[in-house]
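So the chains spell out like this:
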Amino acid sequence: MSCTLRIFMFFPLFTLKEFDMFFSAVGLLSMMMSDASFLNSGPYLQGVSDHQASILFETETTSHCNVEYEDKMVATEIIHQTYGDLSLFKATLDSLESDTFYNYRVHCRKDETVTVGDWHELRTFPPSGEQENFSFLMSSDAQSGYQATFQTVRKSMMPRLQQWKEDDFPVRFMLFAGDLVQHGRQHHRWRQDFFFPMAPLLAEIPLFPAIGNHEENDALYFKYFQLPANGSSKEDLAEHWYYFDHGAVRFITLDTNKEYRTQEQLDWLKQLLEKTNEQKKSIDFVVVQFHHPYLSELWVKGNTEYSGEIQQKLEQFSNESGIPSISLFGHTHGYSRGHSFSARHTMINVGSIGGRLDQWGKYEQKDYPEYVMSLDHYGWLRATVMKGKGEESSIKFQRFNYGQRDNQWDEGIVDEFIIRKNSHPPVRPTVKLVNRKEVEISPFIDEDGDELLSVHLQVSLDESFVDEESLLVNKMMNKVNIFHNADLNEHLDLSKIAVEVPLKAYVRVRYRDSSLHYSEWSEVQ
């Protein structure tokens, strides 16, 4: 971490009328301009709470800048020198009303000219600790694909963000699972790859990123973002991993880059999950983001064992606490969704917003049984969180695709699923063994309206199914398996499963629903 340089700029708190009178008196020229014409990066939001919001932007160090909102002018401070004659400016809007929209824009004076930027709209959070219905966005891997990112943000994300401002699940923030830029050490990349193509979105909702390998662990990443410093007690590691709560969800960010795949981080995660279990009356879901996947269908080379250790801890946590957990990651440039067989844990590859796609046939690829879908398209996700009473708490994910590199188009929602925290398991199935070559299963019934996710079939020489060595068949079959542009299970009838059951062998099955509950095992046949 670099040292913080604080230079308070001229103009304390002026009303807009006083501000205009001042410039008229001194004879300065005021010009209305787009942000990009005089700001290198921004404005963008950080540190939004129920009463406060920070506006950050990067421009020439010698500029004198303020932020206008309502009828006020708020002075800025320089918090970092970033590159050459550029610095990062910050204005803190304080004493704001909770859950309220505010319009703001940047004013900067350079020599004899005052430049005024675009109007933007922010929304403060609800009162601290309030359990609300809300939503958040997710993606990853902008890297050098700034043209694709530009299109995805402006033509797919922003129109919907405007529509959602008045719905019952306000978008509060965005998670970004790493690789914001192609080369984090190259200053120009931050404007080109990330801040300019992402500009309209970052000006309206705060971003919580995870650091990826392409940030190159550079100081610029930590200068640009003001993240919760509640991770490692070591100052130079404080923002590599962190957490925050919103509504009934705990959000955790980790660093899976090679030099940070440490036991220290795993121990921190374990302790935090233990604390979360103790607080489970107020926490319905745990969402964890990091950059590298444990398993990647579109790019097997991206598989990372350390992320597998993270997943194991989340699976153990979900089994012990009853709280569903979700891991979000990038690195592989595409979308994938899977569910752990052993816990109420979901894995989502949330990219790519603009980075070059890992298309089918391009690399080594593999169809993993835990995964139900992989798509080689640009895109992003929205999750809506409902904090209900009793059994009503849920989190719904929607994947929006935006085509491919040479053919970008708005595909809309291509995947959607909901996890209800306290829903009931499916009804216990009954089975019939036909000629010892086929198992017939009674229809799937779920009183909560959850959909069928998969069927679990076992064949064993042990009637009690206790002896693992006697297990002949142990097979999970998903209702859907989209791989290489086709649903490989499209013609699979999960009510009639072909299986050879030897004499003196036994069979049983159970259903699993989309909220990741298993039914009871059927009676043994």
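Residues numbered from 1 in each chain as written. Predicted model: local features only at pLDDT ≥ 70, side-chain atom pairs only at ≥ 80, totals over all residues. Heavy atoms only, no water.

Colleague: How do you make sense of the overall build of the protein chain when you look at a structure like this?
Modeller: Counting its regular elements, the protein chain contains 8 helices and 33 strands. Since a compact globule built from 525 residues should have a radius of gyration of about 24 Å, the 26 Å found for the protein chain is in line with a globular shape. A principal-axis box enclosing the C-alpha atoms of the protein chain has dimensions of 100 × 45 × 45 Å. Counting the 525 residues in the protein chain, one finds 58% classified as buried. In the protein chain, of all internal contacts separated by at least 6 residues, the share reaching a separation of at least 24 is 70%. Summed over all atoms, the accessible surface of the protein chain reaches about 22,100 Å², with 48% contributed by carbon and sulfur. One finds the centroid of the 51 positive side-chain charges in the protein chain at a distance of 2 Å from the centroid of its 77 negative side-chain charges. (Helix = DSSP H or I, 4+ residues; strand = E, 2+ residues; numbered from the N terminus. Rg over C-alpha atoms; globule rule 2.2 N^0.38 Å. Buried < 20%, exposed > 50% of the residue type's maximum accessible area, 1.4 Å probe, protein only. Contact = heavy atoms within 4.5 Å. Areas by Shrake-Rupley, 256 points an atom, 1.4 Å probe, with all protein chains shown as cover. Lys, Arg positive; Asp, Glu negative; His and termini not counted. Charge placed at Lys NZ, Arg CZ, Asp CG, Glu CD.)

Colleague: Would you take a moment to explain the packing of aromatic side chains for this structure?
Modeller: Here a ring pair, both rings aromatic, is described through the centre-centre distance and the interplanar angle of the planes. Tallied over the entire structure, the rule returns 33 aromatic pairs. One aromatic cluster is present, formed by Tyr44, Phe176, Trp190, Phe194, Phe195, Tyr221, Phe222, Tyr224 and Phe225 through successive ring pairs. The residue whose ring lies beneath Arg508 is Trp521, and the NZ or CZ to ring-centre distance is 3.9 Å. (Phe/Tyr/Trp six-rings, centres within 6.5 Å; stacked < 30°, edge-to-face > 60°. Lys NZ or Arg CZ within 6 Å of the ring centre and 35° of its normal.)

Colleague: For this particular structure, what's the right way to read the side chain of Arg512?
Modeller: By the secondary structure assignment, Arg512 is in strand E33 (residues 506-513). Buried within the structure, Arg512 lacks any salt-bridge partner; Asp513 is the closest side chain of opposite charge, at an N-O distance of 6.5 Å. Only 2.9 Å separates the side chain of Arg512 from the backbone oxygen of Ala343, close enough to count as a polar contact. (Salt bridge = Lys/Arg side-chain N within 4 Å of Asp/Glu carboxyl O. Polar contact = N/O pair within 3.5 Å; in protein donor to acceptor, adjacent residues only side chain to side chain.)

Colleague: Mind showing me how you'd approach the nonpolar core here?
Modeller: Most often, soluble globular proteins have nonpolar side chains that are buried together. Phe136, Met174, Leu175, Phe194, Leu201 and Phe225 are the most contacted members of the largest nonpolar core, which totals 88 residues. Discounting residues that sit within four places of it in the chain, Phe194 has contacts with Ala142, Phe176, Leu180, Val181, Arg189, Leu202, Leu207 and Phe225. Ranked by size, the runner-up nonpolar core spans 26 residues in total, among them Leu272, Val286, Phe290 and Tyr368. (Core = buried A, V, L, I, M, F, W, Y, C linked by side-chain atoms within 4.5 Å.)

Colleague: Whenever I open this one, the sheet that holds strand E32 (residues 496-498) confuses me. Can you help?
Modeller: Two pairing modes exist for strands in a sheet, parallel and antiparallel, and in both the strands are linked by backbone hydrogen bonds. Ordered in space as E26-E27-E32, the 3 strands form an open sheet in which the pairing is antiparallel. Single-partner strands in this sheet number two, and they are strand E26 (431-434) and E32. Pairwise comparison of adjacent strand axes, ignoring direction, gives a mean angle of 20° for this sheet. Here 3 bridges tie strand E27 (residues 438-441) to E32, and the two strands are oriented antiparallel to one another. Following the sheet pairing, Glu438 is matched in E32 by Ala498. (Pairing = 2+ DSSP bridges. Axes fitted to C-alpha atoms, helices over the stretch in contact; angles between N-to-C directions.)

Colleague: What's the story with the state of the cysteines in this structure? I'm lost.
Modeller: What we call a disulfide is simply a covalent bond connecting the sulfur atoms of a pair of cysteines. One pass over the structure, following the stated rule, counts 1 disulfide. Disulfide pairing is shown between Cys65 and Cys108; the S-S distance is 2.0 Å. One quick way to see it: the torsion about the S-S bond of Cys65 and Cys108 is about 110°, and its sign makes the bridge right-handed. Linking Cys65 in strand E6 (residues 64-69) with Cys108 in strand E10 (residues 101-110), this pair joins segments that are 43 residues apart in sequence. With a relative accessible area of 0%, Cys65 lands in the buried category. (Disulfide = S-S within 2.5 Å.)

Colleague: It is not clear to me how unusual backbone geometry should be interpreted in this structure. Could you clarify?
Modeller: Excluding glycine, most residues fall at negative phi; most peptide bonds, likewise, are trans. Omega for the peptide link from Gly42 to Pro43 comes to 5°, which places this bond in the cis form. Unlike most non-glycine residues, Asp141 shows phi in positive territory, near 55°. Within the secondary structure, Asp141 is located in the loop between strand E13 (134-139) and helix H3 (146-164). Owing to a relative accessible area of 0%, Asp141 belongs among the buried residues under this scheme. Located in the positive-phi region is Lys504, a residue other than glycine, with phi close to 65°. Within the element layout of this structure, Lys504 appears in the loop between E32 and E33.

Colleague: What am I meant to see in the environment of Val434 here?
Modeller: Among the structural elements, Val434 can be located in strand E26. A residue is classified by how much of its surface remains accessible, and Val434, at 23% relative accessible area, is partly exposed. In the structure, Val434 is positioned 211 residues away from Lys223 in sequence and 66 Å away in space, judged by C-alpha atoms.

Colleague: Would you explain helix H8 (residues 305-321) in this entry?
Modeller: Residues spaced three or four apart along an α-helix point in a common direction, a consequence of the helix completing one turn every 3.6 residues. With 17 residues, H8 ought to run about 24 Å at 1.5 Å a step, and its terminal C-alpha atoms sit 24 Å apart, in line with that. For H8, the set of buried residues is Tyr306, Ser307, Gly308, Ile310, Gln311, Leu314, Glu315, Phe317, Ser318 and Ser321. Tucked inside the fold, the buried residues of H8 contact helix H7 (263-278), strand E18 (285-289), strand E19 (325-329) and strand E21 (345-350). (Expected span 1.5 Å × (residues − 1).)

Colleague: Please clarify how the pairing of strand E4 (residues 41-46) should be interpreted in this entry.
Modeller: Looking along a regular strand, one sees the side chains alternate between the two faces of the sheet. Within E4, 6 of the 6 residues are buried, leaving the element largely enclosed by the surrounding structure. Summarising the sheet, E4 and strand E5 (residues 53-60) pair through 4 bridges and their orientation is antiparallel. Across the sheet, the residue bridging to Leu45 is Ile55, located in E5. In this antiparallel pair of consecutive strands, E4 and E5, the connection spans 6 residues, and Gly47 shows a positive phi of 60°.

Colleague: How should I be thinking about the pattern of salt bridges in this particular structure?
Modeller: Applying the stated rule across the entire model yields 18 salt bridges. In this structure, Glu274 engages Lys270 in a salt bridge whose closest nitrogen and oxygen atoms are separated by 2.6 Å. Here Glu274 pairs with Lys270, and both are found in helix H7, just 4 residues apart, close to one helical turn. Given the relative accessible area of 41%, Glu274 is considered partly exposed. With relative accessibility at 40%, the residue Lys270 sits in the partly exposed group. Counted as one network, the salt bridges with shared partners bring together Asp99, Arg123, Glu132 and Arg172.

Colleague: Is there a simple way to think about the environment of Trp409 in this case?
Modeller: Tracing the backbone shows Trp409 in the loop between strand E24 (394-401) and strand E25 (412-420). Judged by its relative accessible area of 36%, Trp409 falls in the partly exposed class. Contacts of Trp409, omitting those with residues within four sequence positions, involve His377, Asn401, Tyr402, Gly403 and Gln404.

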